[in-house]
Amino acid sequence: MRRAVIKVKLVTNILRANEDMASRNREIFREKGSKVVNLISSPGAGKTTLLETTIRTLKNHLTIGVIEGDLMTTRDGERIAALEVPVVQINTRGGCHLDANMVHKALTELPSGKLDLIFIENVGNLVCPSAFDLGEDKKVVILSVTEGSDKPAKYPTTFEGAAACLLNKIDLLPYTNFNLREFYEDLKTIKPDLPVFEVSALTGQGMEAWYGWLTTIDVTGEPSPCRT
Ligand SMILES: Nc1nc2c(ncn2[C@@H]2O[C@H](COP(=O)(O)OP(=O)(O)OP(=O)(O)O)[C@@H](O)[C@H]2O)c(=O)[nH]1
Ligand SMILES: [Mg+2]
């Protein structure tokens, strides 16, 4: 019993320390004039591909920076660096999510001037990242059709905390048993007003609506919702 109390206290303290650092990050983002999007998905749903296509399309109109989170390797960071935008790679070395402290350290390595948009690619994981505020303005969840339409119902917390959902790999829809009706019905019970964009990050299909949504992000200074 006593052990359980200590554990709850420890988790509460960790989350509180994270919130404090996330608030500090938010101040820095405001000073830089940046809108910040935290991308969350399972491994391989298409976060980096989405970033590549988005950056190719928007980089002549907006200044963009990227913070890449992975357990190991600099591979995603290298993919983004090839597009000639500033990128910082974080390796969590086993950690299943980014936290505000990691992002704070990474921020010192981004250019000091204004960045219109900062994308944070979280570690591939549909559960833990939703519990940690990084100081972002919005969390965005990406689900790909190859993962199955039951995922919102099975992993609701990430969908609850998101401000938008990208249904990716829509080009593969005819080759899967992904049930669009089930997906939308489940989402309606979890978060009825969640905007969903059916996209192919690879082919560019449906991406205009995503770019449009990015321009609507309002900077409230409020934490984006976290779910545990
Ligand atoms: N057909 C198709 N393939 C895609 C699409 N988006 C991504 N892929 C492929 O899916 C694989 C994984 O894509 P990534 O962008 O690396 O996925 P990720 O979410 O960044 O993966 P992690 O960083 O490991 O979590 C790659 O082979 C991509 O080419 C898409 O819209 N359609
Ligand atoms: Mg990636």
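About the thresholds
Residues numbered from 1 in each chain as written. Chains lettered and ligands numbered in written order. Predicted model: local features only at pLDDT ≥ 70, side-chain atom pairs only at ≥ 80, totals over all residues. Heavy atoms only, no water. Donors = N, O, S within 2.8 Å, 3.2 Å for Na, K, Ca; no water. Helix = DSSP H or I, 4+ residues; strand = E, 2+ residues; numbered from the N terminus. Near = heavy atom within 4 Å. Polar contact = N/O pair within 3.5 Å; in protein donor to acceptor, adjacent residues only side chain to side chain. Areas by Shrake-Rupley, 256 points an atom, 1.4 Å probe, with all protein chains shown as cover. Buried < 20%, exposed > 50% of the residue type's maximum accessible area, 1.4 Å probe, protein only. Arc of directions from axis to C-beta.

In the nomenclature of an unreviewed UniProt entry, the chain corresponds to Hydrogenase nickel incorporation protein HypB from the organism Thermanaerosceptrum fracticalcis.

Caption draft 1: Geometry of the coordination of the magnesium ion (ligand 2). Coordination sphere of the magnesium ion (ligand 2), protein contribution only: Thr-48 (OG1), Asp-76 (OD) and Glu-121 (OE), at 2.1 Å. Mapping the donors of the magnesium ion (ligand 2) onto the primary sequence gives the spacing T-x27-D-x44-E. With Thr-48 in helix α2 (residues 47–58) and Asp-76 in helix α3 (residues 75–81), this residue pair connects regions lying 28 residues apart in the sequence.

Caption draft 2: Here's a closer look at the site of ligand 1. Around ligand 1 sit 20 residues in total, of which Lys-47, Thr-48, Thr-49, Arg-79 and Asp-171 are the nearest. Gly-46 is positioned with one of its backbone polar atoms (N or O) 3.0 Å from an oxygen atom of ligand 1. The fraction of the free accessible surface of ligand 1 (650 Å²) that becomes covered by protein chains is 74%. Of all the secondary structure elements, the ones that give two or more residues to the shell around ligand 1 are α2 and α3. At 3 residues, α2 tops the list of elements feeding residues into the shell around ligand 1.

Caption draft 3: Up close: helix α4 (residues 100–107). Burial in α4 covers these residues: Ala-100, Val-103, Ala-106 and Leu-107. End-on, the buried residues of α4 take up no more than an arc of 120°, which puts them together on one face. Its side-chain oxygen placed 3.0 Å from the backbone nitrogen of Asn-101, Asp-99 serves as the N-cap of α4.

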